[in-house]
Every structure is written in C-alpha cells, then in structure tokens.
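Structural description and commentary
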Amino acid sequence: MTQTISLDSKVPTGPIADRWNNHKFSVKLVNPNNKRKFTVLVVGTGLAGAAAAASLAQLGYNVKVFTYHDSPRRAHSIAAQGGINGAKNYKNDGDSIHRLFYDTVKGGDFRSREANVHRLAEVSVNIIDQCVAQGVPFAREYGGMLDNRSFGGAQVSRTFYAKGQTGQQLLLGAYQALMEQVGQGTCELHTKVEMLDVVVKDGRACGIVTRDLTTGEVQSHSGHAVLLATGGYSNAFYLSTNAMNSNATAAWRAHKKGAAFANPCYTQIHPTCIPASDEFQSKLTLMSESLRNDGRIWVPKGIDDNRPADQIPEDERDYYLERIYPSYGNLAPRDVSSRAAKRLVDSGHGIGPLHNGVFLDFSEAINRLGEAVVRDRYGNLFDMYQRITDENPYNMPMRIYPAPHYTMGGLWVDYNLMTTVPGLYALGEANFSDHGANRLGASALMQGLSDGYFVIPSTISDYLADLLGDPVVPTTDPEFASAEAGVSDEVQKWLSVGGTRSAEHYHRELGKIVWDYCGMARNRTGLEKALSEIPALRSEFVTNVRIPGDTSVNQELEKVQRVADFFDLAELMCRDALDREESCGGHFREEYQTDEGEALRNDDDFCNVTAWGWTGQPGEPSKHVEPLEFEYVKLTQRSYK
Amino acid sequence: MQLKLKVWRQDGPESTGRFETYDAVDIKPDMSFLEMLDVVNVRLVESGRDPVTFDSDCREGICGTCGVMIDGQAHGPWKGATTCQLHMRAFRDGDTIVIEPWQSAGFPIVKDLMVDRSAFDRIVASGGFISADTGSAPDGNEIPIPKPVADSAMDAAACIGCGACVAACPNSAAQLFTSAKLAHLNLLPQGQAQRFRRTEDMVETMEQFFGSCTNHGECHEACPKEVPLDFIALMNRDYLKSKMKNRKLAGQVFP
Amino acid sequence: MTATRDKPTAGAGRPSGAQPINKPVRRRSIPLLDLYQTAVGKKWVMAITGLVLMGFVLVHMVGNLKMYVGPADLDSYAQWLKTIGYPLLPKTGAMWLLRVTLLAAFVLHIHSAYSLTRMNQRARPTNYSRRDYIAANFASRTMRWTGTIVALFLLYHLADLTWGWANPDYVYGEVYNNVVASLSNPVVAAFYIVANLALGMHLYHGIWSIFQTVGSMNPRFNPRNNPIRRGVAAAFVIVVIGANITFPLAVQFGIVST
C-alpha cells in the first residue's frame, strides 16, 4: 500500500518560549459536554500511555486502554532507575527551562526539533508538581524539600529521584491515576490483549484489531482516535536491557498502515550493563550510570590477559577514559564511553571469561571513602551485581559492557504528536520526537509523562473537534472485517509452518546480525552485509520456525509475531544507518569520525529527519525528509575532552 | 548441572492440573531460574511439545510479572529476590525442583504457572490513588514532607505487586499488598484528604477476594522487596478509625 | 459519613478474573456494625475479646494461688467473688456481669475465629504439594486446634467445678475440697496440664498478634520479632501457664490435700 506522505511538522511560529502557549490557544477545543461523545483508544500503559489514558478520561473522553501485560503496572517504564529531569532550579545553581532545552538539543547532537524540545523543558516543571501531588515519594532532604542530584554529565542538579526506583514510582503514580478512572467507569481497561493492526478508513485511523492472549479471540475496537504508546524497539538486538516482551509490533503495524518511521538508526547503547555470561542469556541487566561517579574504568594493557584483576599491576592497566577524555574522564557521555569500551574489547583487551567486558573498579573509592560510604551510596547495586555474577564487587572490580537500552527513533509525529496517518498518534519512546540522535540521562521518563499528561490532552482536541457528530466507524465495517481476517490468517500461518527451530532461536540470530553491523559502530560494508543477511535469515525463519499449540494461551505464538516484525524493522534500521552518511549521537559511522575518533556530523546534508514510508515490501521503503532548523541553539561539535 | 523439574501443568482455569517431570540438562550455575526454564522450553518446542507457560517480563526484579512456588517457597530460596533474580547456583547438581503456580482463589490459574492477578488491580481501582487530576497540582515543594516520612512511604511503595505475599500466606491473604499501598498513600500529606475512605474501600475490596491475616509473617519472608509487617498494623488501625470517627466533623486528618 | 458508592467493578472488558469469595460489605448507618462484617473488623473483635480473656485467665490464676494458703482462704475468696459491689449491687450481681461479659467474649472470639477460618479455606481451595514455612511457627499454625482444645476443656472445667456434673464428689461452696477431689484423679490432672499447654501455645501467638491487630505503632514493640513484643507474650505465658500447671501437680504430689 503506497500513501503520499507529507511531513508537515505543524510547528508554531513566534518566539520559542511562547510557541507552546500560543499553540494551546490556537488549537480547536472540544466543549466539556461534547467530550463524552468521543472515544479514544490508547495502546500501551507505560508512562505515556497510562498518563494519557488517565488524563483524557479525567477530561471526559471515553477512553479504552489496552495492554498485553496482566496489569497496566507491569509496563517496562517501571525498570527505569535513575531519575527524571525537571527545570525547577530548586538548587539555585543556574538551571532554567532554557538550559534544559539547550542541554537536550545539544545532547541529542542537533537532530531534534527545537520547538518540541522547548515544550518538553517547559512541561518538565509541571510533571514534577503533578507527580508529587499524586503521591510519588521522591527523595527529600531533612527540611522536607525535594532532593535533586546531577545526572548524565549535566552541570546542574535537576534530577528528581525515588531511590533507584524512579521509573517504578512514576509509573505507579500514572497507573493509580488510570485505575481511579477505571474504577469510576470512565476508562475501560483491556489487559492481556495485543494490538495487531490499525484500521484506517478514508485516510483516518478509526480503530484497532487486537488478539486476546488468553482466549485467542480476535477483536475489533473502534474509536475516533488511536494513541500508540508502545515503547521502543531495542529488542531488535535480542540482548538488550528491555523487558522480554517489549516489542515493536504495534508501531510496525501502524507503519504498515501508512505511519512514517523516523530515524530508526538512532539507538542508544548504555555503557554500564553486566556482560552476557553465556549464549542462553535472555537479557542484559543495567547498572545505574551513577556508578561511574566513583568507579574507575580500565582494561589490561596486554592482549587476552587472563589474570584476575588483583594480579594485574597498576602500570599494566589502561584507564582509557581518563586517558582519552581527561576533563570528563569516567563521566564521558553514554555514546562516547560505550564506543571506547567496544574499541578496546574488539582489539583484544576485553576481560572476564568471555573477554567481553571492561573493569569498573571501586578499590580506589573504597580506599578514599571507606567501604561504609561506598556501601551507603551503591549498596543495592553491589548486591544486585553480586546476586547475578556471584562476584563480590567490594573485593574485585565489576565487569561491565555496553548494551542496547533505548531507541530515539520511532514513528514520525508532528508537533501535535500525530503520525502521518490522521487520527493516529504516537507517544513516549514509540515516537521519534524529542531526543534527536542521543538521549540524555533522566529524560526518557520526562518525555513519556510530558506526552501523556500535558501534550496529548491539549493537542488531541484539534483533531477531534472536526469530527463532532460523527459516530465511530462500526466494527462491522468491511475495513474491520478485512483487518480481522488478516490477523486470523497470520495466526494460522504461523501455527501451520511446522519447522524445526523456535522463534527464540531466530530472534537471537537476528539480534547477532543487528548488534554486529548496526550496533555501537557501523560502516558501509557491514551494513550492506546485514542488508543481505537479514532477508536470507528471514526466509529461513518463515519456513522453518516451529510454533506448537493452538490460538489460546500461546507464548510462542506471541513471540513469533513480534520477531517477524523485528526482522522488518531491523532491515529498516540498517537501511537508515546506511543512508545517513554522517555520525551523530547514537549513530556512529566509522567512515565519518574526527581524527580523535569522535562523531563527525555532516550538517550540510543531514541536518534533517529521515522518515521512511512503507511500500508493501520490506527493504523497499520510500524516503522522506524533514529539514531541521536551529534558530536558538548554535550547531557545534560536541566535545568532552 | 543436571536437574529434574516437577512442574505443575494445567490447561486452563477450570481444568484439573497435574505434575509433569522434565529433565533440565546442561544448566549453568550462572543462569537465572527463568533462563533455565527458557532452555527447557526451547527443547520442548523444538521436539514438538507444548512448552511450560510462565509469566515474566523485565527479568530484573521490578515489574512483578514473574513468580512461582519453588520447592514450597514463593520466588524460591533466596530472600529478597524475585524468581527472575534467582540463579541456578542456589541448587545442587541432581536436585529435583518442584515448581507450582501461586495458589489462591483470588489468583485463578490461566495456564500452567501463569495466574490472573487482576484482583490486585481491583483493589487499587477501589481507592489506591490520590485524586489529583492532571494540571491541578501545586508546586512540588509547597508541602514539605519530613525525610523519614518520605522514606517510609517509599519503603511501602516499593511493592511490585507480584503476589508472593498471597501465595506464601497460609490463608491467601493480601494484607501485605493492600497495606503497603495504603501506607504509601496514607503516610503522605497529599494522601490525607482521602485517607479513611481509601482505607475502607481498599480493605473491603481486598476481602472480597482474599483470606484474612493470622499474623504468621510468611508474607514478609516471601516478599522480594521485604515490605515490613508494620504496614499491616497501620492498616488495621486506620481501618478502625475509618469506622469510628465522624469524618465530617473531625476532619480527615488526625494522628 | 459512611461512603456509599456504586462504582462499576474494575477490570471491565476482562471476562475472566477472580470470582469473589465474600459478599461485598453493606455499609450501615451505625458504622461499628460494619466492622463485624469484615475480616479486619473481626480481627479487632478477636484482639479485644482476647485481651478480656487474658485478663480473666490472669485473675483466675492469681485467685487460685490462694489454694496454697489454705481451704478457708480459697473458699472465702470464692464467696467474696459473689459479693463484689454488695450492697451497691445485688448479691452475685457483679459476678453475673463478669460472667455475661466473659460469655460474650468467648462467643464473639469463637465465632470470629470460626468464620475467619471458613473464609481462609475458601481463599485457598488448592493446597501446594510442598510448602516450606519460614516465619510461621508451630503456635501460629495450630491456633484453631489449640483454641478448640481450650474451648472443650473449658466446658469440662465448668462441668467439673462450677456446675459439678462431672465431679461425683462435688459440694456446692466447698471450692478447695472440690478442686482437690477432682485433681487427685491422675487422668483429670493430665487433662488439665495438656489443656494448659494448649492454652499457652494459643496465648503465645495470640498475644504477639494483638500488637499487630490493634495496630501498635510503638517503635519499641514493632517491628516483628522484636524481643519485647515476643517477650511480653512469652512472659505472660510462663507466668500464667506456669502457675496453672502447678495446681494439678501440687495435688498429685500431695502438696495440696484435704
């Protein structure tokens, strides 16, 4: 299916600080009494989805919310550890909305929309207030005021946190607000259902088709608008810090129905994760980045050094971050330190039984501060590490290695968060909008909640106002019938392949290709190789996968559909990475680097967003470009020396 | 490592369950318990048999999706850990491991080791929130909260809703889950306006699905977040107050 | 003040899900009556009646110590019990008041226990094939059995020493003689000891539980396994049960005799 895709960002004009306010004034509104005449479908119950569903239900819209989990509270937003940024300037250290805006644009390596980022920074203040009012137990000082810490290389303390469980607490706040609406009957909750198609009629999104994961029933739901808050696609790498069930299926099915997919090559690799211990490992565990505040990162100078850490003398250790980036040292940004680790491991300096990690050493901090202080700061992380690896980090250095963690790319959306399909919106990590080519620490939670609590409730009425008086498209409509038939056929197709290998096997194989050629560093040869290997593996996958069981509870069936979509998406990631002939943020092309090995942007040709359209065949996407203009932030080379 | 697994298999909520025995071979001590089950499942799939259905998601102990009874203990032998955080070095080569789903009338079995915990959502929907519609919030520092209060609210809020407390309780009581949510919200100044109504609603919803507390303390032992029993005491006290005090005249806030 | 709500059930659109094992509470105009409908409320009733009954066993034990002083003292103590408050109250008036209170406490305690047990059985229709307890101890797991033993013993004890049906040598008013006559039978003495040990177990978990059930927030008594809280329970059990057990032993060994 080929659609004409126009990338009209609908960014308002005027001074940047007034744009969001002016926009809220200029959008069409829906009268409070008319809101109940509209049905909004929300897919996903993470920070963005739960916040949007709760806020829209509070406004009076009819909301139906869908999750494949058994409870909305299980969404993977819950696993975020560090914190959430808010430009409150409670610390009087010179923070401001403009500074958060500036930091985020720069941190994103100048590949995001200025107006979107400024709005995010403005709203960040309201998010903190909203969460406190909901009872999120942020850390407090003894005087009772909110505590802040600095995070991710920022030079101000603007990160609010709740122990190491900030994501959990923010999600529970949004979940509770959602459940209040569910209890009052203003919002209908569907758990254990997976969205498998978006229904588009006359060019507008008018509903979704879901499959009940307990009964296998394929159902249609119609609404005036569809909101996708379905998260990112890091699991295309197979091994990532995402949850086992995190997937790109909803976003990908929307893409197939006409929503452009923007910047798929922008993926973030988190530098401090526990390295894989064997090939059966199902996922990687992230260790909070805060460990880099006191830990020193090093590798042995020798190649294939198998000695235990304590037998390697000081002069045979290479503290490479301190050596290469003397001013930032061990606190160099995520993409920079991840790539440095990869270079050293690839050149044979890796440590651990599989030579797949670098040391994060606390012995110096323990000598300087004492074990008690270190325990107080990082005790829970050390315990977690010890539980997983059976090594005591107080006595021997931790082993860490980068792992896929977050995806900046996603469905293309305009300033109103609407995709290229009218009536279809994307929120949170599922869209591409605010982080550019690299996301700063503690900004993901901020963006999810900003989209859900504050942006979508204000912008959705602009679209709905024109639909006043139109009933929803009935689910008996032929468009729904054909979408349902498509889903049922697909299910039957997988159940009848009858091959020999599990979906898990192909997912792992796909992940190896994506990680090797489209991971932390990419080059033309590798990407071209990936683009030939992925289709080959896919054709084996579709003929040789084995899905036992029937359509009722069947986790293998759930998995195979997700893996199939990862195949298509992975191909698009590689194509986008090949197409973007520059290095920026999370996208590092080895051909485009400075003499010192840093990312080299090409602002003349690539100061833009690439949005890909579906043409009916994976591997043959249509390319669309939205130019980016920077009026308030000057384009500079990032430097962390 | 070579292990024998005695796994509860049940086709659906109404079916009768049974134990089936599987061999888990080539298990490495560094694997997590769920990775061990993954390995067993891949073998089952590739030999054309029905894999064991079990729930899991984040695999780092925070989402609360996973959870099974392992050798008669909720989440297995390690204290303060979920099933996904349990590693195979907790077992010895040649062990037989008994794996059962959470058993409770409040958690009907969906399939095999997967249970339906939506009763927890109903408890939260009945009152486990602070009504603060989006946009209505005052500044975050408007109400100072003493650090010890914020810290205990956080201790209570650490609950991940996995259901181990219910599973471990000889009475299938959900007091630890409910009281943790109540304590989280009832301790904070923001939660005072709805404090007693919330307590009344949540306790009475809880009792429609779960048993009663007989103070065994098994829930705390099973809890992967080690939520303390004190919160149950707080809930008991708040519940009595909710029934005794004339809230219209006394105001909602009292010590 | 009673909140009346007719909210739809949460989880709409979810066909399966847990079926309620209890009816929803009907909120009444006298909210205290609500309390007995819920398990938390019943636990409060059990805690408070438990406290009343603890008071009773303590005073009962102290009164019985007069046995060691001699027949006249014990008999006159028994006589005094009947005349508390006289002439302000009619003779035996105060005693009947106490008896009614105790009876009410027993009835409520037993009824709560019974209905909570039924509720707990409904809550766990299928048991585990294997279960390793960590915190639950013998006392906590046997409450319903030790409670039953104590209740049966109580009936026998009344028939033995209050009503006299079960005691062929019973003479109204001669408390000392009746006790000795009854406890000189080794079978009866053994039954007394067994019942008191059961009572001790019951009290050990029960007293510990009271702190929790009435929501004691005192940091000295919480958290769990606090030595003071366990200590209070253990001390009470040792004093009361320890003294109670000496009575049949003293009779058996002839320390107390007619």
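Rules used throughout
Residues numbered from 1 in each chain as written. Chains lettered and ligands numbered in written order. Predicted model: local features only at pLDDT ≥ 70, side-chain atom pairs only at ≥ 80, totals over all residues. Helix = DSSP H or I, 4+ residues; strand = E, 2+ residues; numbered from the N terminus. Buried ≥ 20, exposed ≤ 12 C-beta atoms within 10 Å, placed from the backbone. Contact = placed C-beta atoms within 7 Å. Domains from an automatic or database assignment. Nonpolar A, V, L, I, M, F, W, Y, C, P; charged D, E, K, R; others polar. Expected span 1.5 Å × (residues − 1). Pairing = 2+ DSSP bridges. Axes fitted to C-alpha atoms, helices over the stretch in contact; angles between N-to-C directions. Parallel < 35°, antiparallel > 145°, perpendicular 65-115°, else oblique. Core = buried A, V, L, I, M, F, W, Y, C linked by C-beta atoms within 7 Å.

1. Describing the overall build of chain C
Looking only at helices and strands, chain C has 9 helices and 0 strands in total. Ordered by position from N to C terminus, the α and β elements of chain C give α-α-α-α-α-α-α-α-α. Taking the principal axes of the C-alpha coordinates as reference, chain C spans close to 75 × 50 × 40 Å. A total of 258 residues make up chain C; the buried ones form 28% of that total. Looking at chain C alone, contacts between residues at least 24 apart form 66% of all its contacts between residues at least 6 apart.

2. Looking at the domain arrangement of chain A
Residue and element names in this part refer to chain A. Structurally, chain A comprises domain 1 (271-405) and domain 2 (478-606). The gap between the C-alpha centroids of domain 1 and domain 2 is 30 Å. Counting residues at the interface gives 5 residues for domain 1 and 5 residues for domain 2. Broken down by element, the side of domain 1 that touches domain 2 gets its largest block of residues, 4 residues, from helix 9 (residues 334-349). Among the residues forming the side of domain 1 that touches domain 2, the class breakdown is 1 nonpolar, 1 polar and 3 charged.

3. Observations regarding the interface of chain A and chain B
Between chain A and chain B, the contact holds 66 residues from the first and 66 residues from the second. Looking at the side of chain A that touches chain B, the elements that each hand over two or more residues are helix 3 (47-59), helix 5 (114-134), helix 6 (166-184), helix 11 (371-389), helix 12 (444-464) and helix 16 (555-579) of chain A. Counting residues per element, the side of chain A that touches chain B draws most heavily on helix 6 of chain A, which supplies 9 residues. Of the residues assigned to the side of chain A that touches chain B, the class counts are 24 nonpolar, 26 polar and 16 charged.

4. Notes on the interface of chain C and chain B
Between chain C and chain B, the residue contacts involve 55 residues of the former and 55 residues of the latter. Those elements giving two or more residues to the side of chain C that touches chain B turn out to be helix 1 (31-35), helix 2 (39-64), helix 4 (93-123), helix 5 (138-141) and helix 8 (186-213) of chain C. Top contributing element to the side of chain C that touches chain B by residue count: helix 4 of chain C, with 5 residues. Grouping the constituent residues of the side of chain C that touches chain B by class yields 28 nonpolar, 17 polar and 10 charged.

5. Structural notes on helix 2 of chain C
Helix length check: helix 2 of chain C (26 residues) gives 36 Å between terminal C-alpha atoms against 38 Å at 1.5 Å per residue, within 8%. Where helix 2 of chain C is buried, its residues touch helix 6 (195-209) and helix 8 (230-244) of chain B together with helix 1, helix 4 and helix 8 of chain C.

6. As for the pairing of strand 18 (residues 608-613) of chain A
All names here are of chain A. Most of strand 18 sits out of view: 5 of its 6 residues are buried. Examined bridge by bridge, strand 10 (residues 261-262) and strand 18 share 2 bridges and lie antiparallel to one another. Each residue of the ladder has a partner; that of F261, found in strand 18, is W612. Note: strand 18 against strand 19 (residues 622-627), 6 bridges, orientation antiparallel.

7. Here we look at unusual backbone geometry
Cis peptide bonds are those with omega within 30 degrees of zero, and the linkage from C:Y86 to C:P87 qualifies with 10°. The residue B:D71 is not glycine, and still its phi comes out positive at about 50°. Counting through the fold element by element, B:D71 comes out in the loop between strand 3 (69-70) and strand 4 (73-74). Although it is not a glycine, B:D112 sits at a positive phi angle of roughly 45°.

8. Quick look at the sheet that holds strand 1 (residues 39-43) of chain A
Residues and elements named next belong to chain A. Strand order in the open sheet formed by 5 strands is 5-2-1-9-17, with parallel pairing between adjacent strands. With one partner strand each, in any of the chains shown, strand 5 (187-190) and strand 17 (424-426) form the two edges of the open sheet. When the angles between neighbouring strand axes are averaged without regard to direction, this sheet yields 20°. Note: strand 9 (residues 225-228) against strand 17, 3 bridges, orientation parallel. Bridge pairing links L228 to A426 in strand 17.

9. Topic: the environment of A:V43
All names here are of chain A. If you trace the backbone, V43 turns up in strand 1. Distance from V43 to A250, taken between C-alpha atoms, is 8.2 Å for residues 207 residues apart in sequence. Those residues in contact with V43, other than ones at most four positions away along the chain, are G49, F66, M195, I208, L227, L228, A229, T230 and A250.

10. A short note on the sheet that holds strand 16 (residues 410-411) of chain A
Across the sheet, which stays open at both edges, the 4 strands sit in the order 16-10-18-19 (chain A) with antiparallel pairing between neighbours. A strand with exactly one partner marks an edge of an open sheet, and here the two such strands are strand 16 and strand 19 of chain A.

11. Structural notes on the pairing of strand 12 (residues 296-300) of chain A
All names here are of chain A. Along strand 12, 4 of the 5 residues are buried, which leaves the element largely enclosed by surrounding structure. Looking at chain direction, strand 12 and strand 13 (residues 317-318) are connected through 2 bridges and run antiparallel. Opposite P300, over in strand 13, you have R317 as the bridge partner.

12. What about the packing of helix 5 of chain A against helix 12 of chain A?
All names here are of chain A. The interhelical angle for the contact between helix 5 and helix 12, taken along N-to-C directions, is 80°, at an axis separation of 9 Å. In terms of orientation, helix 5 and helix 12 fall into the roughly perpendicular class. In this structure, helix 5 contributes L120, V123, S124, N126, I127 and Q130 to the contact, and helix 12 contributes M446, Q447, L449, S450, Y453 and F454. For the contact of helix 5 with helix 12, the per-class residue count stands at 7 nonpolar, 5 polar and no charged.

13. With respect to the nonpolar core
A:A53, A:L178, A:L227, A:L228, A:L411, A:Y425 and B:C165 are the most contacted members of the largest nonpolar core, which has 321 residues in total. Examining the composition of this core, we find that 13 residues originate from one element, helix 16 of chain A, more than from any other. Excluding its chain neighbours within four sequence positions, the residues that come into contact with A:A53 are A:V42, A:V63, A:V65, A:L178 and A:C187.

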